[in-house]
Amino acid sequence: MTALPLNDLSARGLVVALLAPHWSRTNHEVGWITRQVAGALACSARVEVVSPEGAAPGITSDSVFSVHQLGSPIEPSAELRRDLIAIGSVGDSPLDALPSTTALGRLANRDLIAPWSGASGVLATLSPDLIVIAGHQSVGALAAVDDYSGEVPVVVLAQGSELRSLAFPPFLPLFDRARSVLTITQAERNAVIDGYGRPESVYRLGAPLAANPIAFSEPDSSVGHDDYLLVLADGDIEDQETSGLSQLVPSRFPGITVAITRPDTFCVWRRGRMTEHPPIERSSDLARLMAWARATVDLRPGRLFARRSIESLLYGTPIVVPHDSRAREHAERGRGGLWFANPAELTWCIEGLLDPAAGPTLGAQGRSYAEAEYGSTDRFIDRVLEACGLSPASVTA
Amino acid sequence: VGDPTVDPEQLLERLREEHNTLRWGPLPPGQLRVIEEDSQSRNRRSLEYLHRHWALPDKFDPASSGAGLRGKIIGVFGRLTFRVLGPYLREERELLAHLVQANQALEQRCDNLTVRCEELSQDMIDRQAAEAENQAKLAVWLHLEAPEDGGSPTSASA
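Reading guide: rules and limits
Residues numbered from 1 in each chain as written. Chains lettered and ligands numbered in written order. Predicted model: local features only at pLDDT ≥ 70, side-chain atom pairs only at ≥ 80, totals over all residues. Heavy atoms only, no water. Helix = DSSP H or I, 4+ residues; strand = E, 2+ residues; numbered from the N terminus. Rg over C-alpha atoms; globule rule 2.2 N^0.38 Å. Buried < 20%, exposed > 50% of the residue type's maximum accessible area, 1.4 Å probe, protein only. Contact = heavy atoms within 4.5 Å. Areas by Shrake-Rupley, 256 points an atom, 1.4 Å probe, with all protein chains shown as cover. Lys, Arg positive; Asp, Glu negative; His and termini not counted. Charge placed at Lys NZ, Arg CZ, Asp CG, Glu CD. Phe/Tyr/Trp six-rings, centres within 6.5 Å; stacked < 30°, edge-to-face > 60°. Lys NZ or Arg CZ within 6 Å of the ring centre and 35° of its normal. Salt bridge = Lys/Arg side-chain N within 4 Å of Asp/Glu carboxyl O. Axes fitted to C-alpha atoms, helices over the stretch in contact; angles between N-to-C directions. Left-handed = near helix turned anticlockwise from the far one by under 90°. Nonpolar A, V, L, I, M, F, W, Y, C, P; charged D, E, K, R; others polar. Pairing = 2+ DSSP bridges. pLDDT = per-residue confidence, 0-100. Core = buried A, V, L, I, M, F, W, Y, C linked by side-chain atoms within 4.5 Å. Patch = residues over 30% accessible without salt bridge, like charges linked within 9 Å, V, L, I, M, F, W, Y side chains within 5 Å. Buried area = accessible area lost by both parts, 1.4 Å probe. Right-handed = clockwise from strand over helix to strand, strands pointing away.

### Comments concerning the overall build of chain A
- When helices and strands are tallied, chain A shows 16 helices and 15 strands.
- Taking 21 Å as the expected radius of gyration for a compact globule of 397 residues, we find that chain A reaches 22 Å, a close match to that expectation.
- Taken along its principal axes, the extent of the C-alpha atoms in chain A is 65 × 50 × 40 Å.
- Here chain A holds 397 residues, and 56% of them are scored as buried.
- In chain A, 65% of the contacts between residues at least 6 apart in sequence involve partners at least 24 apart.
- Accessible surface, chain A as shown: approximately 16200 Å² in total, 52% of it carbon and sulfur.
- Side-chain charges in chain A split into 33 positive and 46 negative, and the spacing between the mean points of these groups amounts to 2 Å.

This is the structure:
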C-alpha cells in the first residue's frame, strides 16, 4: 500500500472521514467491527464519522470520534429491499447474463441515495485526507464522495455478511473507486477477489479479540464442575430449526451435561432433566461458559466473522458450526473444530469432539489460530493502518 | 510421540464413513417381569398357620394327665408348673399375638408395595414406549434431512 500524499499536511494532522450508514448500532458484528476499524484509524488520524442517523443535522461527540449526523436516517425497509434484491439476483449464472442490471440497481438503491445528500457538504468542511466507506452496498455514500471530490483516496470496509451480495453488479462502483478494500475473514476476501480481482488491494483485517483470563477462575455455577457441552442457540431470532437442533443435542447425549443459551432462557440438561435459568446476558458469563466447556456448538454464528466462535477458540474450546456459516472458516482453516450439513452430522461432529484423542487437540489448534489471527489488538491496528496507507512507516516516508 | 495434529476434514470424513455402516432401530419397550406365584402362596400358607396356632395353652388340662396315682401326681405337678409359669406364658401369648398382627400388617404393606411396583413398572414401560415413538420420529426427521452434496449417508431405518 502506498502512503497517503502528505506533502500538504498542516499541523491539523491527518483527517479520516468514515462514512457509516449506521454508527450507533454496536450490538451486531457489523457495527462492532466498524467501531474497531475507526478506533484503529484514530491511532494515527483524527476520525470524523459521517452518518445519515439522527433526528436533525448536527455534530455529537462519541469517545474519540466526532459524529456528524445528517438527520436523514435510512429506512430499514429500503435496506431490506436492497439486500433481498442483491442476494436474489446473484445466483449461479454469470454476472453479465443478469437481465437489466441497471434497472435492478436503480430498484435496489431506491431511497438509499437521498439520505446521504448532506454528506458532501460535511466532507467539504472536513477536507479529509482519506475517506473510509463502511459497507460495500453504500452506493449513496459513494455518490456523496464523488459530489465532494474525485481525488480523495477512498477505502471500502466491505462488511460482506452475505457473500452473494458482494457480487451484485450495482455495487461494483464502490470497489472500482476504492484504493483498497478491507475485509475481515478469508472467505470474505476471497469473495471480493473472485468478483473484482485486484488481490493486492484487498486486505484481511481479522478482529481485535482476546480471551478473558478471569473466565478460567471458576466455572459457572449452573453447570458446576460437570463435563458439559455448550450450545449457542441465541441468535437475533430463534427459528424453529435452531430450536430443534438445540433440543437434539441433550436427547442424543444424555450422558453429558448440555447447557443451551436461548434468547429468553438458559437451560441446563442433566441426564434427561432440565433446569432453567435466566438468559445469559453478560459477555463475562458467556466467556466463563465457553472456557470450561468440552465443545461449543454455535448454531447461529455471527454472519460477518462469527465472533463467538473465535472467542470459543481463544479459550481453547473446539467448535461445531453449520457448514454454510462464516464460522466454518475458523473450524476448517483454523483446524479448531468440525462443521455439519444436517442434524445427523451435527451429532457425529459432537461425538468426534467428545473423543479425548481429537477434541483437546482441535481445541489447541483452534486456539493457536485464533490467537495468531484475531488475538492481538496491536496487530489489528497495524493491519488497518497498513491497509489504509497510514502505517507509521509509510507516514514517515 | 506421533503427530499431535488433527485434520478436521479427515476426521469428518472418518466420522461419515463410520456412521455409514451403522444401522439404527428403535428399542422395543421392555416386558413386565412376572412375579413368582409359588413363593407368594407359600408365604400366605405360613401366615395362615400363624393365625391358627399363635394361641398356645396357658393352663393345665387335667384330661391330659391320665388316671390313677400317676395321673394325680402329673396333675399336681402340671397345675403347679402352669401356676408358677402362668404370668410368663400369658406374656408370651400376648407377644405372639402382637407378632402375628405385625406379620399381618407387613403382609398388607408388602401387597401395597407390590401393587405400587407394578404401577411404576407400567409407568416406565409407557414412558419407554413414548420415548421409542419419539425416537422414531427423530429418526424419520434425520432421514429427511439428507445431505445436499450427496456425500454422506442418511440414517437407516432398516
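### Observations regarding the packing of aromatic side chains
All names here are of chain A.
- This model, assessed by the stated rule, comprises 6 aromatic pairs over all chains.
- Between Tyr369 and Tyr374, the aromatic rings sit 6.1 Å apart at their centres with planes inclined by 65°, giving edge-to-face as the arrangement.
- What makes Tyr374 buried here is its relative accessible area of 0%.
- One Lys or Arg, Arg252, reaches over the ring of Phe253 and ends 4.7 Å from the middle of that ring.
- Arg307 extends its terminal NZ or CZ atom over the ring of Trp32, reaching a point 4.2 Å from the ring centre.

### Quick word on the pattern of salt bridges
All names here are of chain A.
- This model, assessed by the stated rule, comprises 25 salt bridges over all chains.
- Across the salt bridge formed by Asp111 and Arg81, the nearest N and O atoms sit 3.3 Å from each other. With Asp111 in the loop between helix H3 (101-108) and helix H4 (119-126) and Arg81 in helix H2 (residues 76-89), this pair connects stretches of sequence that are 30 residues apart.
- A residue is classified by how much of its surface remains accessible, and Arg81, at 24% relative accessible area, is partly exposed.

### Digging into the packing of helix H11 (residues 307-314) of chain A against helix H14 (residues 359-374) of chain A
Residue and element names in this part refer to chain A.
- Relative orientation of the contacting elements H11 and H14 amounts to 115°, with a least axis distance of 7 Å. The chirality of how H11 crosses H14 is left-handed. Packed against H11, whose contacting residues are Ile310, Leu313 and Leu314, the element H14 presents Gly363, Gly366, Arg367, Tyr369, Ala370, Glu371 and Tyr374 at the interface.
- Residue classes in the contact of H11 with H14 are distributed as 6 nonpolar, 2 polar and 2 charged.

### Digging into the sheet that holds strand S2 (residues 46-51) of chain A
Residue and element names in this part refer to chain A.
- Spatial ordering of the open sheet is given by S3-S4-S2-S1-S5-S6-S7-S8, a layout of 8 strands whose pairing is mixed. Single-partner strands in this sheet number two, and they are strand S3 (58-62) and strand S8 (202-204). Across this sheet, the average inter-strand angle for adjacent strands is 25°, counted without regard to direction.
- Sheet strands in contact with helix H8 (residues 186-196) are strand S7 (180-183) and S8, and its direction is about 175° off that of S8.

### Focus: the confidence of the model for chain B
Residue and element names in this part refer to chain B.
- Overall, the predicted model of chain B reaches an average pLDDT of 77, with 73% of residues at or above 70.
- When the elements of chain B are averaged for pLDDT, helix H2 (residues 37-53) gives the smallest value, 79, and helix H1 (residues 8-20) the largest, 86.
- Low confidence marks residues 146-158, where pLDDT is under 50. Its contacts with residues over four positions away, or in another chain, come to 21 contacts.
- Among the prediction metrics, the complex's ipTM stands at 0.73, with pTM recorded as 0.75.

### As for the nonpolar core
Residues and elements named next belong to chain A.
- Leu41, Leu182, Leu205, Phe305, Leu346 and Ile350 are the most contacted members of the largest nonpolar core, which has 76 residues in total.
- Considering each element in turn, this core owes the most residues, 7 residues, to helix H13 (residues 343-354).
- Beyond its immediate sequence surroundings of up to four residues, Leu346 is in contact with Leu245, Leu248, Val249, Val297, Val320 and Phe340.
- In this structure, Ala86, Phe168, Phe175 and Ala178 belong to the second largest nonpolar core, which totals 41 residues.

### Observations regarding the sheet that holds strand S14 (residues 319-322) of chain A
Residues and elements named next belong to chain A.
- One open sheet holds the 7 strands; their spatial order is S12-S11-S10-S9-S13-S14-S15, and the pairing between them is mixed. Single-partner strands in this sheet number two, and they are strand S12 (273-277) and strand S15 (337-340). Adjacent strand axes in the sheet meet at a mean angle of 20° when their direction is disregarded.
- Both strand S9 (residues 228-232) and strand S13 (residues 295-298) contribute to a ladder of 4 bridges, which runs parallel. Residue Leu232 lies in a different strand from S13, and its bridge partner there is Asp298.
- Most of the contacts of helix H10 (residues 283-292) go to S9, to which it runs at about 135°, and overall it touches S9, strand S11 (266-270) and S13.

### A look at a nonpolar patch on the surface
- On the surface, B:Leu69, B:Ile73, B:Phe77, B:Leu80, B:Val84 and B:Leu85 cluster together into a nonpolar patch covering about 620 Å² of accessible area.
- Within the element layout of this structure, B:Leu85 appears in helix H3 (residues 68-144).

### Some remarks on the side chain of A:Thr183
- Among the structural elements, A:Thr183 can be located in strand S7.
- Setting aside anything within four residues of it in sequence, one finds A:Thr183 in contact with A:Ala158, A:Glu188, A:Arg189, A:Val192, A:Val202, A:Tyr203, A:Arg204, A:Leu205 and A:Gly206.

### Considerations on the interface of chain A and chain B
- The interface is formed by 23 residues belonging to chain A together with 20 residues belonging to chain B.
- Buried area between chain A and chain B, both sides added, is near 1800 Å², and the carbon and sulfur share of it is 68%.
- Three residues, A:Arg335, A:Trp339 and A:Trp348, lead the burial of chain A against chain B; their summed loss comes to 29% of the area buried on that side.
- For the pair chain A and chain B, the interface holds 1 salt bridge.
- Two residues, B:Arg16 and A:Glu345, come together in a salt bridge whose shortest N-O distance is 2.8 Å.

### Section: the pairing of strand S6 (residues 154-157) of chain A
Residues and elements named next belong to chain A.
- In S6, alternate side chains face the same way, and those of Val154 and Val156 on one face and Val155 and Leu157 on the other are all buried.
- Bridge count for strand S5 (residues 130-134) against S6 is 4 bridges, and the pairing is parallel. Within S6, the residue paired with Ile131 across the bridge is Val154.
- This β-α-β element, S5 to helix H5 (residues 139-148) to S6, shows right-handed connectivity.
- Across 3 bridges, S6 lies against S7 in parallel orientation.

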